[in-house]
Amino acid sequence: ERALLVGVGAANTGRRQGIQYSLQDSLEELAGLAEAAGLKVVGTLTQHIDPDAQTYLGPGKVEEMLQAVASRGANTVIFDGELSPRQLRNLSRKCSQQTRVCDRTALILDIFKQRAFTKEGQLQVEYAATEYQLPRLTRMWTHLERQSGAGKMKGMGEKQIDVDRRLLRSRLAILRGRLEEVQQCREQYRRSRAELAVPLIALVGYTNAGKSCLMNALTSAAVLSEDALFATLDTTVRKIILPSGLQARPQRHHSSSCLLDTVGFIQKLPPQLVAAFRATLDDIKAASVILHVVDCSHPLAAAQGEAVLKVLKEIGATEVPIITVWNKMDLVRDPEMVATVAGGRQSVVCVSAHTGQGVDELLNVIEEQLKASMEFVHLLIPFSKASSLWDVLLWRANASYCIGNIIHGSVCFHLQHRPCIV
Ligand SMILES: Nc1nc2c(ncn2[C@@H]2O[C@H](COP(=O)(O)OP(=O)(O)OP(=O)(O)O)[C@@H](O)[C@H]2O)c(=O)[nH]1
Ligand SMILES: [Mg+2]
């Protein structure tokens, strides 16, 4: 498929500071998305206006768009924003039947559809896509309207659209039910993790920042990582052993934590997707620490970081402490300068998931953070209450630090644990 990209927005203001996506930056990103969806970009078109309520573009620009579609042999036009149902309908009518008009949201949904592997991922994506489709059943409608000849038989098209809508609504209900089933499983995992007080560390970041790569570096596990937008859609959880755990507690469970790889964020993230991925995102909220992975070699690193923080706020993950990880240090031109800037900020660690540089330090920082969020407990259990020992031993298994002695006929524990368990 050959795609023409169209963007509308204010003039290039943010680019100089690199803290905001300009129209051009956003279009470049859209081109990356189109590529990830398997499309070939054959041209771009921009206009510096606020989107028109009817046709998104101004009337003159619509003509220009039609010409560009013809001259470049495009069969898909992708708008870098979300088209309202009305804009989509009007634009589709102006284009020929063979030309598909879609927007950023539809494109992202397409990529997600291609890349969801697990049952839950597929259900989430289908749910989001169906919700997106529901108010936009324009294609079928125009098609029928044309077929039946405008005027006399117009009612038929309208009836058909009602049928289609009803079908989609019942599909949504079925999907919701299935999603709930699958998500109960996830809920159970979350509960058992909480019971055992296993700390959860969530990797969060802009798409392509290197989350999966970093997960591999941290756990030396094999998670799909590739140079494509939205390589990861299904969350993966891996066990990770922190430095002290490695030396002091080689046994199973001891001082280990779970590391969670998550779907990447993007600016203008479709709200349907945020809603559909709620269960996944809820895991982030339940984390003990968030590792916010930033590709510090990207010219728009700051804007990407902001976009991620915005989504975190939207999903209500503001309480979780964040460690910012500046990844891809091997790619930056002046690593010393970047390291100095990072050193001046709180909780920023520079790493390269590729070379492994900084990964050990990151592990230490994670452990410090986890320890800081734990509380010390001193327990004195008389032998007469020995039955409660079992509970203590269970706690102990997951405590970071624990010293147990027998003093004067009692067992005395000093341990450090997550507050929830204390
Ligand atoms: N040079 C270099 N490349 C890296 C580094 N970390 C990741 N990459 C590359 O960046 C690309 C994206 O990495 P991923 O780990 O898939 O990124 P992600 O954040 O999981 O991306 P999504 O799952 O798509 O959201 C891959 O081509 C990696 O090889 C790094 O430290 N240095
Ligand atoms: Mg990934």
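Residues numbered from 1 in each chain as written. Chains lettered and ligands numbered in written order. Predicted model: local features only at pLDDT ≥ 70, side-chain atom pairs only at ≥ 80, totals over all residues. Heavy atoms only, no water.

The chain appears in an unreviewed UniProt entry as Hflx-type G domain-containing protein from Coccomyxa subellipsoidea. Its UniProt record gives the chain the following Subcellular location (unreviewed entry) comment, quoted word for word: "Cytoplasm". Regarding the chain, the relevant UniProt record gives this comment under Cofactor (unreviewed entry): "Mg(2+)". (UniProt positions renumbered as here; feature names shortened; annotations may be inferred.)

Chemist: So what's going on with the pairing of strand β5 (residues 200-205)? Residues and values would help.
Modeler: Extensive coverage of β5 is indicated by the burial of six of its six residues. Judged by which residues are buried, β5 turns out to be covered on both faces: L200, A202 and V204 on one side and I201, L203 and G205 on the other are all buried. Sheet topology note: the β5/strand β8 (residues 289-295) ladder contains five bridges and is parallel. Of the residues in β8, the one forming a bridge with A202 is I290. (Buried < 20%, exposed > 50% of the residue type's maximum accessible area, 1.4 Å probe, protein only. Helix = DSSP H or I, 4+ residues; strand = E, 2+ residues; numbered from the N terminus. Pairing = 2+ DSSP bridges.)

Chemist: Hey, could you go over the nonpolar core for me, with residue numbers and the actual values?
Modeler: I78, I284 and L312 are the most contacted members of the largest nonpolar core, which totals 61 residues. Contacts of I78, omitting those with residues within four sequence positions, involve A3, L4, L5, V6, L30, A34, L39, C102, D103, R104 and L107. Formed by 22 residues, the second largest nonpolar core is a distinct cluster that contains L259, V293, V325 and L362. (Core = buried A, V, L, I, M, F, W, Y, C linked by side-chain atoms within 4.5 Å. Contact = heavy atoms within 4.5 Å.)

Chemist: Describe in detail the sheet that holds strand β2 (residues 40-47), supporting the description with residues and values.
Modeler: Strands belonging to one sheet form pairs held by backbone hydrogen bonds; the direction of such a pair is parallel or antiparallel. Read across the sheet, four strands follow the order β2-β1-β3-β4 without closing on themselves; strand pairing throughout is parallel. Each of the sheet's edge strands pairs with one partner strand only, and the pair in question is β2 and β4 (100-103). Across the sheet, the axes of successive neighbouring strands diverge by a mean angle of 20°, strand direction being ignored. Where strand β3 (residues 76-79) meets β4, four bridges bridge the pair, whose relative direction is parallel. Note that in β4 the partner of F79 across the bridge is D103. Helix α2 (residues 59-72) contacts β1 (2-8), β2 and β3 of the sheet and is inclined by roughly 165° relative to β2. (Axes fitted to C-alpha atoms, helices over the stretch in contact; angles between N-to-C directions.)

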